[in-house]
Amino acid sequence: MSKTKILYVEDEPFLGRIVKESLEVRDFEIRMITDGNHALNAFKEMNPHICVLDIMLPNKDGYSIAQGIRQVNSSVPIIFVTAKTQTEDLIKGFEVGGNDYLRKPFSLEELIVRVNNLLQLTKVITANSRESISIGLFDFVPQRYELRKGGSVRKLSHREAVLLQILAENQNASIDRKTILMRVWGDDSFFNSRNLDVYITRLRDYLKEDSSV
């Protein structure tokens, strides 16, 4: 069985070495990059299953790296690692294509849980995806994370796409909140339940041009 490949971009050598060696012991394949300018080339060479990006980096920050990765690959999961805690920083991360956030300091166990959860969600959306799903006047393309209407295309985040697929598969039917939380976040904590409300509000905003949805 092939190893899970992780592109890890981190400029703190002590932290980076600990995380890299600890993940390698757990049978992950890690490529660690310390300079933001080299991250995109490393991504293209490695073709990783998932990316873990620090935000504050020399020469090019994590947001810019994520934008570059999204131009190459729209679906690879991206986890931001950051000491930033401001809401606007979190929002910016999701807007440029991030799937999850991990705040410093973090435990290795938490990182592994988040990595495995995102990889599982990626497998689910790939395995269950039809080429296109009609939602009112919109066409939803799960594997490309795109919501289309006429000539316009909206790129969705990883969790937005997974959530919309669950809802699209259950059109005109109700689905239990806990079921959604367990499929999208892996647990039904109060914090994740509040996150779900934010994502639902966001999807409603995307779909509001068709009042029949």
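Throughout what follows, the structure given in this document is the object of discussion. (Residues numbered from 1 in each chain as written. Predicted model: local features only at pLDDT ≥ 70, side-chain atom pairs only at ≥ 80, totals over all residues. Heavy atoms only, no water.)

## Considering the pairing of strand 2 (residues 29-33)
The pairing of strand 1 (residues 5-9) with strand 2 spans 5 bridges and is classified as parallel. Within strand 2, the position partnered with Lys-5 by the bridge is Glu-29. Taking the sense of rotation as the criterion, the β-α-β connection linking strand 1, helix 1 (residues 13-25) and strand 2 turns out right-handed. (Pairing = 2+ DSSP bridges. Helix = DSSP H or I, 4+ residues; strand = E, 2+ residues; numbered from the N terminus. Right-handed = clockwise from strand over helix to strand, strands pointing away.)

## Here's the deal with the pattern of salt bridges
Note that side chains of opposite charge can pair when their charged atoms are close. Using the criterion set out here, one finds 16 salt bridges in the structure. Between Lys-104 and Glu-12 there is a salt bridge, with the nearest N and O atoms lying 3.0 Å from each other. Of the two residues, Lys-104 is situated in the loop between strand 5 (100-103) and helix 5 (108-128) and Glu-12 in the loop between strand 1 and helix 1; the sequence distance between them amounts to 92 residues. A salt bridge links Lys-20 to Glu-24, with the nearest nitrogen and oxygen atoms 2.6 Å apart. Placement of both Lys-20 and Glu-24 in helix 1 is noted, with a separation of 4 residues, approximately one turn of the helix. Classification of Lys-20 as partly exposed rests on a relative accessible area of 24%. What you see here is one network of salt bridges that share partners, running through Glu-10, Glu-12, Asp-54 and Lys-104. (Salt bridge = Lys/Arg side-chain N within 4 Å of Asp/Glu carboxyl O. Buried < 20%, exposed > 50% of the residue type's maximum accessible area, 1.4 Å probe, protein only.)

## With respect to the sheet that holds strand 9 (residues 152-155)
Strands belonging to one sheet form pairs held by backbone hydrogen bonds; the direction of such a pair is parallel or antiparallel. Taken in spatial order, the 4 strands of this open sheet run 6-7-8-9, and their pairing is antiparallel. Here the strands that pair on one side only, and so sit at the sheet edges, are strand 6 (133-135) and strand 9. Strand-to-strand twist of the sheet, defined as the mean angle between neighbouring strand axes without regard to direction, takes the value 25°. Sheet topology note: the strand 7 (residues 138-141)/strand 8 (residues 146-149) ladder contains 3 bridges and is antiparallel. The partner of Asp-139 across the bridge, within strand 8, is Arg-148. (Axes fitted to C-alpha atoms, helices over the stretch in contact; angles between N-to-C directions.)

## Details of the environment of Arg-31
If you trace the backbone, Arg-31 turns up in strand 2. Along the sequence, Arg-31 and Arg-70 sit 39 residues apart, while their C-alpha atoms lie 19 Å from each other. Ignoring sequence-local partners within four residues, the contact set of Arg-31 consists of Ile-6, Leu-7, Tyr-8, Ala-42, Glu-45 and Met-46. At a separation of 2.9 Å, a polar atom in the side chain of Arg-31 contacts the side chain of Glu-45. (Contact = heavy atoms within 4.5 Å. Polar contact = N/O pair within 3.5 Å; in protein donor to acceptor, adjacent residues only side chain to side chain.)

## Let's talk about the packing of helix 6 (residues 158-169) against helix 8 (residues 190-207)
Taken N-terminus to C-terminus, the directions of helix 6 and helix 8 make an angle of 75°; their axes are 10 Å apart at the nearest point. In terms of orientation, helix 6 and helix 8 fall into the roughly perpendicular class. Taking contact as the criterion, the partners of Arg-159, Glu-160, Leu-163, Leu-164 and Leu-167 in helix 6 are, on helix 8, Leu-196, Tyr-199, Ile-200, Arg-202, Leu-203, Tyr-206 and Leu-207. Grouping the amino acids of the contact of helix 6 with helix 8 by side-chain chemistry returns 9 nonpolar, no polar and 3 charged. (Parallel < 35°, antiparallel > 145°, perpendicular 65-115°, else oblique. Nonpolar A, V, L, I, M, F, W, Y, C, P; charged D, E, K, R; others polar.)

## Concerning the packing of aromatic side chains
If you walk through the whole model with that rule in mind, you get 2 aromatic pairs. Between Tyr-63 and Phe-80, the ring centres sit 5.7 Å apart and the planes meet at 70°, which makes this aromatic pair edge-to-face. Taken together, the residues span a long stretch of sequence, with Tyr-63 in helix 3 (residues 62-72) and Phe-80 in strand 4 (residues 78-82) at a distance of 17 residues. Judged on exposure class, the residue Tyr-63 and its partner Phe-80 are both buried. Residues Phe-80 and Tyr-101 carry aromatic rings whose centres are separated by 5.6 Å and whose planes lie at 40° to one another, so their mutual orientation is tilted. (Phe/Tyr/Trp six-rings, centres within 6.5 Å; stacked < 30°, edge-to-face > 60°.)

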